[in-house]
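What follows is each chain in one-letter form.
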Amino acid sequence: MLTKDLLQYKIQKGQIYPQFVNPADNQLLAIAEQLITVFEASPDTPRATLLESSKQIIDSTPGAPIVKRGLEKLLLDRTEFDTAPNEELIAFRHKLFTETSRLLSEKQFQDYADYQREVSRIMADESSTEETELSAKLYADLPSCQPVLTFNTLSAERLLHRYNAAQVQGLLLHCNTLMLKLADSMTAELRQLFKYLRFNQLLSTIRKEGELYEITVDGPLNLFYKTKRYGMNLANFFVAVLHQPKWELAAEIQFRNKQRYLLSLDESCGIKPVSQQFLAYIPEDIQLFQTMLQNKTNDWQIRPGSQFLPLTGDFYCFPDYQLVHKSGVETAIELFHPWHQGHLIARLNTLAEHPDVSLILGVSKELEKNPLIAEALETSTYFAQFGFTFRDVPTMRSLLPILNSLV
């Protein structure tokens, strides 16, 4: 992900235009290849050494430095450093601080150099380390000294496409709303896109208009709860959009409560998919939920949501889970997390008018702290029959009575 200082964009007449690079540019491809080679050789290398090597490439090659620093940032995101606490160094520092405190209380020193020599001598005796190495050892676990564990490499061309995608992602972190239009193909890729939407716990309204699905997603600037995490989820969702054959995106971008700009993109922008399609991927929370259900009953089978549930008019719901009873009875579960306040009230109002929809509502207990939500849940006859609350994940204790009432 690119930080705001690494984003390149132009603003004209209320529109914001990301400045993409040409993935076929030979000069950029050569620079990307050099950077990738440095990172591929980085395992066991300290972070500072890696950054110095990449800086030499950035400083010695032609082209805009901001682009090359952006490529470096994306490669760093694919690099794993050893950040585990070093117990030996922690014990060493504890010993050092203890000795310095003792020396200051027991002896008088003429100057700081005399004091420093005495501390170094004692610690060198304790650790069998040369005095000249003590300073390096004392700070050996600082971030600049952390060694590289692994690097997830990629091709130079894919890195440039990843850079263009990251330009859009960086803007979406400052998004009020996002409108997405997709063809009604109901392919595996489209169903997977809606799974990404639910798995990232994004707020959305789904509407079918003619041959298109129109998805309106709330942006992080519209929320008052964990907006940073939500913004990252929205940015990550964009990489799933790139797998769709035809798409249109319109987002309202706003930096620090200033003027709002419109970001408009479609598949003609030329960004190739930068991630794999995990069509068979089942998230950990789904696996946990499946295990809990199987431990309690063999009558119900649960799977990730994969089908649309029609609601009032042209609106649809894409639930988190779908359940099937051995008798053939089917139902679905839609979860509402702490940032789903407005959407929860809208869903309660819809279901109050159409109670025949087979949809179970799971509501985070955090939402109950809001008096408006608490009152809406208390007065909803639908929620009293088909709703439950949860903390981190739903529990069978809350869910099973509702499931049993359906058969």
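Caption draft 1: Region of the structure containing the overall build of the protein chain. The helix and strand tally for the protein chain stands at 14 helices and 16 strands. Taking as baseline every contact in the protein chain between residues at least 6 positions apart, the subset at least 24 positions apart corresponds to 69%.

Caption draft 2: Structural detail: unusual backbone geometry. At K13, a position not held by glycine, the phi torsion is positive, near 50 degrees. Mapped onto the secondary structure, K13 falls in the loop between β1 (9-12) and β2 (15-18). One non-glycine residue, D44, lies in the positive phi region at around 75 degrees.

Caption draft 3: Fine view of the environment of T100. Looking at the element boundaries, T100 is found in helix α4 (residues 87-106). We classify T100 as buried; its relative accessible area is 15%. With 18 residues separating them along the chain, T100 and E118 place their C-alpha atoms 9.3 Å apart.

Caption draft 4: Region of interest: α4. The first and last C-alpha atoms of α4 sit 29 Å apart over 20 residues, in line with the 28 Å expected at 1.5 Å per residue. Among all positions in α4, only L89, F92, R93, L96, E99, T100 and L103 are buried. Relative to the axis of α4, the buried residues are bounded by an arc of 130 degrees and lie together on one face. Residues of α4 that are exposed and angled more than 90 degrees away from the buried face: E87, H94, F97, S105 and E106.

Caption draft 5: View of the pattern of salt bridges. For the structure on display, the rule yields eight salt bridges. Note that K73 and D77 form a salt bridge whose closest N and O atoms lie 3.0 Å from each other. Here D77 and K73 lie together in helix α3 (residues 65-77), a separation of four residues that amounts to about one turn. Of the charged contacts in the structure, one is a salt bridge between E252 and R260, with a shortest N-O distance of 3.3 Å.

Caption draft 6: Spotlight on the side chain of T350. Inspection of the secondary structure assignment puts T350 in helix α11 (residues 341-353). If sequence neighbours within four positions are ignored, T350 has contacts with L311 and T312.

Caption draft 7: Just the sheet that holds strand β14 (residues 330-336), in detail. One open sheet accounts for five strands, arranged β10-β13-β14-β15-β16; its pairing is mixed. Each end of this open sheet is capped by a strand with a single partner; those strands are β10 (300-304) and β16 (387-390). Within this sheet the neighbouring strands show an average axis-to-axis angle of 25 degrees, counted without direction. Looking at chain direction, strand β15 (residues 359-364) and β16 are connected through four bridges and run parallel.

Caption draft 8: Local environment of the pairing of β2. On β2, burial follows the alternation: I16 and P18 on one face are buried, whereas Q15 and Y17 on the facing-out side are not. With four bridges connecting them, β1 and β2 associate as antiparallel partners. Residue pairing in the sheet places K10 in a bridge with Y17 of β2. In textbook terms, the turn of a hairpin is the stretch between consecutive antiparallel strands, and for β1 and β2 this stretch comprises two residues, one of which, K13, has a positive phi near 50 degrees.

Caption draft 9: A look at the nonpolar core. L178, L180, F194, F237, F238 and L263 are the most contacted members of the largest nonpolar core, which totals 68 residues. When residues in this core are grouped by element, the largest group, nine residues, is from helix α7 (residues 156-172). Those residues in contact with L178 that lie beyond four places of it in its chain are L172, I215, T216, V217, L234, L249, A250 and A251. Core analysis: the second largest hydrophobic core is formed by 34 residues, L311, F336, V357 and L377 among them.

Rules used in this analysis
- Residues numbered from 1 in each chain as written.
- Predicted model: local features only at pLDDT ≥ 70, side-chain atom pairs only at ≥ 80, totals over all residues.
- Heavy atoms only, no water.
- Helix = DSSP H or I, 4+ residues; strand = E, 2+ residues; numbered from the N terminus.
- Contact = heavy atoms within 4.5 Å.
- Buried < 20%, exposed > 50% of the residue type's maximum accessible area, 1.4 Å probe, protein only.
- Expected span 1.5 Å × (residues − 1).
- Arc of directions from axis to C-beta.
- Salt bridge = Lys/Arg side-chain N within 4 Å of Asp/Glu carboxyl O.
- Pairing = 2+ DSSP bridges.
- Axes fitted to C-alpha atoms, helices over the stretch in contact; angles between N-to-C directions.
- Core = buried A, V, L, I, M, F, W, Y, C linked by side-chain atoms within 4.5 Å.

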